[in-house]
Amino acid sequence: MRHLLAISVGPVQEFIAAARRTRDLWFGSHLLSEISRAVAQSVETAGGTLVFPEASDADSIANVIVAVLPSADPATVAVEAKKAANRRWQKFAEDAKGRVTAVIRDEVWNEQVDDVIEFYAAWAPYDGNNYQQTRARVMRLLAGRKNCRDFVPANGRAGVPKSSLDGLRETVFVNSLAEGGDENAQQRLRVRAGEQLYVVGVVKRVGQGSKPYPSVARVAADPWIRGNKHKEPFAELTELVKGLKQKSSDAVHRLD
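From a predicted model like this one, the values you see are computed outputs, not experimental measurements. Counting of residues starts from 1 at the beginning of each chain's written sequence and follows it residue by residue. pLDDT decides what is reported in this predicted model: residues at 70 or higher carry local features, side-chain atom pairs at 80 or more are listed and counted, and totals for whole chains, interfaces and linings draw on all residues regardless. The side-chain values count all of the structure's non-hydrogen atoms but skip hydrogen atoms and water molecules.

Colleague: Can you lay out the sheet that holds strand S3 (residues 64–69) for me, pointing to particular residues and giving the numbers?
Modeller: When DSSP finds at least two bridges between two strands, those strands are taken to pair. Counting from the N terminus, the helices are the DSSP runs of H or I reaching at least four residues and the strands are the DSSP runs of E reaching at least two. Read from one edge of the open sheet, four strands run S2-S3-S1-S4, paired in antiparallel fashion. Lying at the two open borders of the sheet, with one neighbouring strand each, are strand S2 (49–52) and strand S4 (118–125). Between one strand axis and the next, the sheet turns by 25° as a mean value, whatever way the strands run. In terms of strand pairing, strand S1 (residues 3–10) meets S3 through six bridges, oriented antiparallel. Considered in S3, the bridge of Ile7 is made with Ile65. In this description, contact between two residues means that some pair of their heavy atoms is separated by no more than 4.5 Å. Angles here are taken between N-to-C directions and fall from 0 to 180 degrees, while the axes themselves are lines fitted to C-alpha atoms, restricted in helices to the stretch in contact. Contacting S1, S2, S3 and S4, helix H2 (residues 22–45) crosses the sheet at an angle of about 155° to S1. Against the sheet, helix H5 (residues 131–147) contacts S1, S2, S3 and S4, and its axis sits at roughly 145° relative to S4.

Okay, here's the thing in structure tokens:
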């Protein structure tokens, strides 16, 4: 029997909304897109025909997947898609941890890393007719499933600070980093002394390398910079900035 399947992947709040730096926002969005891509590819492998997105090799993938299943069991397809989502997340997490493993509390990290992905699925029979009505029904079922969240016991740890980003989970940092004892790790993670991150925050900061990303202030200043960079006063300002940067490499960010 043919089915219409809809899948929602998250968490959107932890991946995207809880962002303090522009890299948090960018990489969180990239992370969610790549996990959704893994789900879409899993559905295709099971014989599904993607409706949204149109193809799993699109530049970016939204966190809702809709597909037509000609004959495959939707429950089985959903289970395999969830496994694909978790494998992709685990790959990102392993990469990030390997870059800063010296400052990570393994026991806290291991508790959190398996409790991140949110995955919801719903489906309904679809005979090839009345697509809009069938899709509306499936999306209502999906919304209902999302509202019936899985409430599992929290793994809180007494005396361990919460993440500075959203306060949802305990920090995965060892005390020496939190107290400012490892400046190299602080620079890689772009954290200030006393700032705390949990597993998702760490992945967003160092996943796939910790290359610089424009700051919030730089993004806000961009229209002014582009409008004035060819004017003579801006050239004078650039020279002053260069001189300041020679005295302290961390004093300013690039203006061009």
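Still to come is the rest of the account.
Colleague: Tell me about the packing of helix H4 (residues 106–113) against helix H8 (residues 199–206), and name the residues and values.
Modeller: Running from N to C, H4 and H8 cross one another at 95°; their axes reach a closest spacing of 9 Å. Accordingly, the angle class assigned to the pair H4 and H8 is roughly perpendicular. Residues Trp109, Gln112 and Val113 of H4 lie in contact with H8, whose contacting residues are Val199, Val202 and Val203. When its residues are assigned to classes, the contact of H4 with H8 shows five nonpolar, one polar and no charged. By definition in this entry, angles of less than 35 degrees are roughly parallel, angles greater than 145 are roughly antiparallel, angles of 65 to 115 are roughly perpendicular, and the rest are oblique. Residues are grouped as follows: Ala, Val, Leu, Ile, Met, Phe, Trp, Tyr, Cys and Pro are nonpolar; Asp, Glu, Lys and Arg are charged; all remaining types, including Gly, are polar.

Colleague: Break down the pattern of salt bridges for me, with residues and values.
Modeller: Between Lys or Arg on one side and Asp or Glu on the other, a salt bridge is scored when a side-chain nitrogen of the former is within 4 Å of a carboxyl oxygen of the latter. In this structure the tally under the stated criterion is 12 salt bridges. For the salt bridge of Arg205 with Asp24, the shortest nitrogen-to-oxygen distance reads 2.7 Å. Taken together, the positions of Arg205 in helix H8 and Asp24 in helix H2 put the pair 181 residues apart, joining distant regions of the chain. Summarising the burial analysis for this pair, Arg205 and Asp24 share the class buried. The residue Asp106 makes a salt bridge to Lys97 at a minimum N-O spacing of 2.9 Å. Accessibility expressed as a relative area gives 37% for Asp106, which makes it partly exposed. Taken together, the salt bridges that share partners define one network made up of Glu14, Asp115 and Arg169. The cut-offs for exposure are 20% and 50% of the maximum accessible area for each residue type, with area from a 1.4 Å probe on protein chains only; residues under the lower value are buried, those over the upper are exposed, and the others partly exposed.

Colleague: Describe the packing of aromatic side chains, listing the residues and the values that go with them.
Modeller: Classification of ring pairs uses Phe, Tyr and Trp, with its six-membered ring standing for Trp, and accepts pairs whose centres are within 6.5 Å; under 30 degrees between planes counts as stacked, over 60 as edge-to-face, and the remaining range as tilted. Evaluation of the coordinates by the stated rule reveals four aromatic pairs. Ring plane angle 40° and centroid distance 5.9 Å describe the contact between Phe15 and Trp89, whose orientation is recorded as tilted. Of this pair, Phe15 sits in helix H1 (residues 12–17) while Trp89 is found in helix H3 (residues 74–99), placing the two residues 74 residues apart along the sequence. Look at Phe27 and Phe92: their rings are 5.8 Å apart centre to centre, the planes differ by 80°, and that puts the pair in the edge-to-face class. You can see Phe27 sitting in helix H2 and its partner Phe92 sitting in helix H3, a full 65 residues away along the chain. By relative accessible area, which is 0% here, Phe27 ends up buried. In this structure an aromatic cluster arises from ring pairing among Trp26, Phe27 and Phe92. The lysine or arginine in question, Arg23, covers the ring of Phe27, its NZ or CZ lying 5.0 Å from the ring centre. Whether a charge lies above a ring is judged from NZ of Lys or CZ of Arg, which has to be within 6 Å of the ring centre and within 35 degrees of the ring normal.

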